[in-house]
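Below, each chain spelled out in residue letters.
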Amino acid sequence: MPLDPAFIGRSYPPSQPYDVSREKIREFAEAIGATSPAYLDAEAAKALGHRDVIAPPTFAIVVSMKTNETVMFDPELQLDYSRVVHGDQNFTHHRPITAGDQLVCVAHVDAITSRMGNDMVTVRTEITTVDGEPVTTAKSMLVVRGEDA
């Protein structure tokens, strides 16, 4: 069943705050092989002008994924997750994610299109501090393979 384009423009409630810790940043940096001292050493990060260690740019996926799942598993959308492949991902950083941040995500459905029997849904997740300071805009495009794909 094709995805309903009436979902375009829908926004979801804000997530619970995500507490960014030095340990989570270190674990992520090590997992992806990122070795910048700014990710691992608070003094090195401070020497670069940051208040604490900063996260690698793709750490935003850790923060935004649960919010994106709210869209993917919305029973009204009727998205068959067993048929989903990740089509695209990008981040626009307004400032680095930093240890000590408390971040909130709000997901928005920006587009639903159909091509060659497949549906594509674009979800934009705005990541801000609990005080509303913009941190990152994450955009994901998911492809829902058609029955014949």
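Residues numbered from 1 in each chain as written. Predicted model: local features only at pLDDT ≥ 70, side-chain atom pairs only at ≥ 80, totals over all residues. Heavy atoms only, no water.

(A) Up close: the environment of Gly100. By secondary structure assignment, the location of Gly100 is in the loop between β2 (84-93) and β3 (102-115). Sequence-wise, Gly100 and Asp19 are 81 residues apart; in three dimensions their C-alpha atoms are separated by 6.7 Å. Those residues within four positions of Gly100 in sequence are excluded, and the remaining contacts are Val20 and Arg51. (Helix = DSSP H or I, 4+ residues; strand = E, 2+ residues; numbered from the N terminus. Contact = heavy atoms within 4.5 Å.)

(B) Structural detail: the pattern of salt bridges. One pass over the structure, following the stated rule, counts eleven salt bridges. The partner of Glu76 in a salt bridge is Arg10, and the shortest N-O contact between them spans 3.4 Å. With Glu76 in the loop between α4 (60-72) and β2 and Arg10 in the segment before β1 (18-19), this residue pair connects regions lying 66 residues apart in the sequence. A salt bridge links Lys46 to Glu43; its shortest N-O distance comes to 3.9 Å. Placement of both Lys46 and Glu43 in helix α3 (residues 42-47) is noted, with a separation of three residues, approximately one turn of the helix. Using a relative accessible area of 55% as the deciding quantity, one classes Glu43 as exposed. Three or more residues are tied together by salt bridges with common partners; here these are Arg51, Arg95, Asp101 and Glu133. (Salt bridge = Lys/Arg side-chain N within 4 Å of Asp/Glu carboxyl O. Buried < 20%, exposed > 50% of the residue type's maximum accessible area, 1.4 Å probe, protein only.)

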